[in-house]
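One letter stands for each residue in the lines below.
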Amino acid sequence: MAPFVEVCRYKPVPLSLSSLCTCPCRSSPRKSLILPHFSEKYPNLGLIDSKALTRSRFCRIPVNRRIITAVARAESNQIGDDGEEHSRDQELQIIEEDSSVDDQKQKSRSQFKKRVIFGLGIGLSVGGIVLAGGWVFTAALAAAVLLSAREYFELVRSKGIAQGMTPPPRYLSRVCSIICALMPILTLYFGHIDISVTSAAFVVAMALLLQRGNPRFSQLSSTMFGLFYCGYLPCFWVKLRCGIGRSWPIILGGQAHWTVGLVAILISFCGIIASDTFAFLGGKAFGKTPLISISPKKTWEGAVAGLVGCISITILLSKSLSWPQPLVSTIAFGVLNFFGSVFGDLTESMIKRDAGVKDSGSLIPGHGGILDRVDSYIFTGALAYSFVRLHGV
């Protein structure tokens, strides 16, 4: 009879149930069992020698059937335990994904709630300031210009833009921010700031050229654009609100009667708000075609919805406020406000994209920085003032 070898002296080998009963030359697709180290407990369990396997036609292993049954049950239990653990892991993963989705939804809801609350607060405050006019309107605009200019120069000094260009010195950025804040005040009291802006630009350019080190054109261009973008363009709102029919109440400092400038500002502000709202809702519901690469979330469908909303609000307000009278002029004023709003928004998106940031700041919860809220109004003031002047007012 062939010699026997105990399992405990050798490494356990994989065996299948079919190989215990059939010829070793037949392959079986079933799973194999690994016999554990238990020869001391079951001394009758042994393995036949490999030479004997080749000699005999059938292999016989003197092993108790109960042991084989126990091993098979142990393996099936182990496989069942692994399956249960795998299913539990899948359930835990699904629960974690559901919780993360719920957290994101809750976070988006809280952000939307903050956005609505602060938006309503800002809207009511701005409405009261616009109605007050005069130095109240000018002082509020100067404060917004100062904060916007500081955010602009911080964007210019950010890593994304500074890698491709040399930003202006920090002290010069602060000086330019103060100059931008003074421009609306000078516009209120002098009516125009052409000489002031030219003088300020000359002084800033000379300071850049005479600085230590090597002056760069990128410093000059970014500074000049900052004076124009953050300082000069917002002054047209002061010209529109306070430049026609000056009368100064003692308390509010504004005009006691409704003027064309006040009506134009109210229509422009409401048109910009309607444009942003309708563009957001239309893009979310129907948006499929991207508008431009610098702002991937904007779509042509949203832009069309914003244009329709801006023109509709302009027509409704013109009927209530009796300006402008012709329907063609009303539609043209709505289109002008829409394009000024979109162009200002895209310009700020281009600056933020080059800077590699999502928001210009974090001053307003749920909205970002000041520049994020006033970007649509920067170019619109100049366009609205030009429209009013072309109508002979």
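Residue positions within a chain follow its written sequence, with the count starting from 1. Totals for whole chains, interfaces and linings use every residue, but because this is a predicted model, local features are given only for residues with pLDDT of at least 70 and side-chain atom pairs only at 80 or more, for both listing and counting. As a convention, hydrogens and water are excluded, and side-chain values are obtained from all of the structure's heavy atoms.

Naming follows an unreviewed UniProt entry, where the protein appears as Phosphatidate cytidylyltransferase of Capsella rubella. UniProt positions are given in the numbering used here, feature names are shortened, and annotations may be inferred rather than shown by experiment. What UniProt states about the protein under its Subcellular location (unreviewed entry) heading is, verbatim, "Membrane".

For the bond running from Trp323 to Pro324, omega is -15 degrees, close enough to zero to count as cis. Take Pro324: it is sitting in the loop between α10 (300-321) and α11 (327-355). A run of H or I in DSSP becomes a helix once it reaches four residues, and a run of E becomes a strand once it reaches two; helices and strands are each numbered from the N terminus.

Moving on, we get to the side chain of Ser349. Positionally, Ser349 belongs in helix α11. For Ser349, a relative accessible area of 10% translates into the label buried. Three exposure classes are used, based on accessible area relative to the maximum for each residue type with a 1.4 Å probe and protein chains only: buried under 20%, partly exposed in between, and exposed over 50%.

Moving on to helix α12 (residues 370-390). An α-helix turns once every 3.6 residues. As a result, residues three or four positions apart point the same way. Multiplying 1.5 Å by the helix residue count minus one yields the expected span of that helix. In a regular helix each residue adds 1.5 Å, so 21 residues correspond to 30 Å; α12 covers 31 Å between its end C-alpha atoms and thus fits that length. Bending is quantified residue by residue as the angle between axes fitted to the seven-residue window ending at that residue and the seven-residue window starting at it. At Thr380, α12 is bent by approximately 35 degrees, the largest bend along its length. Most of α12 is tucked away: 15 of the 21 residues are buried.

This paragraph deals with the packing of aromatic side chains. Pairing of aromatic side chains requires ring centres within 6.5 Å, counting the rings of Phe and Tyr and the six-membered ring of Trp. Pairs whose planes differ by under 30 degrees are stacked, by over 60 edge-to-face, and all others tilted. Tallied over the full model, the rule gives 15 aromatic pairs. When the centroid spacing of 5.7 Å and the interplanar angle of 55 degrees are considered together, the rings of Phe236 and Tyr385 count as tilted. You can see Phe236 sitting in helix α8 (residues 235-242) and its partner Tyr385 sitting in helix α12, a full 149 residues away along the chain. Taken together, the ring pairs in this structure connect Tyr152, Phe153, Phe225, Tyr229, Phe343 and Phe379 into an aromatic cluster.

Their axes nearest at 9 Å, the elements helix α3 (residues 134-156) and α12 cross at an angle of 110 degrees. Our classification of the angle between α3 and α12 gives roughly perpendicular. Contacts between α3 and α12 involve Ala144, Leu147, Ser148, Glu151, Tyr152 and Leu155 on the former and, on the latter, Ile370, Leu371 and Val374. Amino acid classes used here: Ala, Val, Leu, Ile, Met, Phe, Trp, Tyr, Cys and Pro are nonpolar; Asp, Glu, Lys and Arg are charged; the rest, including Gly, are polar. Across the contact of α3 with α12, the residue classes tally to seven nonpolar, one polar and one charged. Axis definition: a line fit to C-alpha positions, over the contact stretch in the case of helices; interaxial angles, taken between N-to-C directions, run 0 to 180 degrees. Roughly parallel covers angles under 35 degrees, roughly antiparallel covers those over 145, roughly perpendicular covers 65 to 115, and oblique covers all other angles. Pairs of residues are marked as contacts when any of their non-hydrogen atoms sit within 4.5 Å.

Definition used for salt bridges: Asp or Glu carboxyl oxygen within 4 Å of a side-chain nitrogen of Lys or Arg. If you walk through the whole model with that rule in mind, you get four salt bridges. With its nearest N and O atoms 3.3 Å apart, the salt bridge here joins Glu154 to Arg170. Highlighted residues: Glu154 in helix α3 and Arg170 in helix α5 (residues 170-190), separated in sequence by 16 residues. Taking relative accessible area as the criterion, Glu154 reaches 44% and is therefore assigned partly exposed. Between Asp345 and Lys298 there is a salt bridge; the shortest N-O distance is 3.4 Å. Here Asp345, found in helix α11, pairs with Lys298, found in strand β6 (residues 295-299); they are 47 residues apart in sequence, far enough to count as distant. For Asp345, a relative accessible area of 17% gives the class buried. Relative accessible area serves as the criterion here: at 25%, Lys298 is assigned to the partly exposed category.

Once that is clear, we can look at helix α6 (residues 194-209). Counted at 1.5 Å a residue, the expected span for α6 with its 16 residues is 22 Å, and the 23 Å between its end C-alpha atoms agrees. Along α6, the residues that are buried comprise Val197, Ala200, Ala201, Val204, Ala205 and Leu208. All buried residues of α6 project into a common sector of 130 degrees when viewed along the axis, lining one side. For α6, the exposed residues lying more than 90 degrees away from the buried face are Ile195, Thr198, Phe202, Val203 and Leu209. Of the surrounding secondary structure, the elements contacted by the buried residues of α6 are α5 and α7 (217-232). What the arc covers is the set of directions going from the helix axis to the C-beta atoms.

Before going further, it helps to spend a moment on the nonpolar core. We define a nonpolar core as any set of buried Ala, Val, Leu, Ile, Met, Phe, Trp, Tyr and Cys residues linked to one another through side-chain atoms lying within 4.5 Å. By size, the foremost hydrophobic cluster in this structure holds 50 residues, and its most contacted members are Trp237, Leu240 and Trp323. Every element with two or more residues in this core is listed here: α3, α5, α6, α7, α8, α9 (260-286), α11 and α12. Of the residues forming this core, the biggest block, nine residues, is contributed by α12. Segmentation into domains, and thus their bounds, comes from an automatic or database assignment. Both domains that meet at this core, namely domain 1 (125-249) and domain 2 (257-392), each give it at least three residues. Once you skip the residues sitting within four places of it in the chain, Trp323 turns out to touch Val260, Val263, Ala264, Ile267, Ser318, Phe333, Phe387 and Val388.

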